[in-house]
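Structural overview for review
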Amino acid sequence: MATPTEFIKLTGTKLRETDKAVHFRVDEVDGTVLEDSVTHWFPISQISSQIIGIADGKDIIKVAKWICQSKELV
């Protein structure tokens, strides 16, 4: 039986999207504000959900924890 994937909430700005990935500027990781924003590509296959344009103008994506770890976000 496979281990369920854990997802991390990233808040920031969706910059662009291709068929396979989302380019995202990350401002917050699970509610913790980063000192300096970082920009990364995230594979769509590892994103569980996207909310674009919430009330404060930010976007949210939930990304597999292992991807966040590989990009040193957690």
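Because the structure is a prediction, the values reported are computed rather than measured. (Residues numbered from 1 in each chain as written. Predicted model: local features only at pLDDT ≥ 70, side-chain atom pairs only at ≥ 80, totals over all residues. Heavy atoms only, no water.)

The subject of this paragraph is the pattern of salt bridges. Side chains carrying opposite charge are able to pair once their charged atoms draw close together. Here the structure, examined in full by the defined rule, presents four salt bridges. Between K14 and E17 there is a salt bridge, and its shortest N-O distance comes to 2.3 Å. The class for K14 is partly exposed, based on a relative accessible area of 22%. Salt-bridge contacts for D27 lead to K58; the nearest nitrogen and oxygen are separated by 2.6 Å. Pair noted here: D27 is in strand β2 (residues 21-29) and K58 is in the loop between β4 (47-51) and β5 (59-64), with a separation of 31 residues, a long-range link. (Salt bridge = Lys/Arg side-chain N within 4 Å of Asp/Glu carboxyl O. Buried < 20%, exposed > 50% of the residue type's maximum accessible area, 1.4 Å probe, protein only. Helix = DSSP H or I, 4+ residues; strand = E, 2+ residues; numbered from the N terminus.)

By the element assignment, H23 lies in strand β2. Here the side chain of H23 touches R16 through a polar contact of 2.3 Å, side chain to side chain. Those residues in contact with H23 that sit more than four places away from it in its chain are T13, K14, L15, R16, T39, H40 and W41. (Polar contact = N/O pair within 3.5 Å; in protein donor to acceptor, adjacent residues only side chain to side chain. Contact = heavy atoms within 4.5 Å.)

With five of its six residues buried, β5 lies for the most part within the structure. Examined bridge by bridge, strand β1 (residues 7-17) and β5 share six bridges and lie antiparallel to one another. Its bridge partner lying in β5, G12 is registered against D59. By the bridge criterion, four bridges tie β4 to β5 in an arrangement that is antiparallel. Bridging from a neighbouring strand, I47 pairs with V63 of β5. (Pairing = 2+ DSSP bridges.)

Quick look at the packing of aromatic side chains now. Within this structure, the stated rule accounts for zero aromatic pairs. Between K71 and the ring centre of F42, over which it is positioned, the NZ or CZ distance is 5.6 Å. (Phe/Tyr/Trp six-rings, centres within 6.5 Å; stacked < 30°, edge-to-face > 60°. Lys NZ or Arg CZ within 6 Å of the ring centre and 35° of its normal.)

As a further point, take the sheet that holds β5. An order of β3-β2-β1-β5-β4 is seen for the five strands of this open sheet, with the pairing classed as antiparallel. This sheet does not close on itself; its edge strands, each paired only once, are β3 (32-43) and β4. With direction set aside, neighbouring strand axes in the sheet form an average angle of 30 degrees. (Axes fitted to C-alpha atoms, helices over the stretch in contact; angles between N-to-C directions.)

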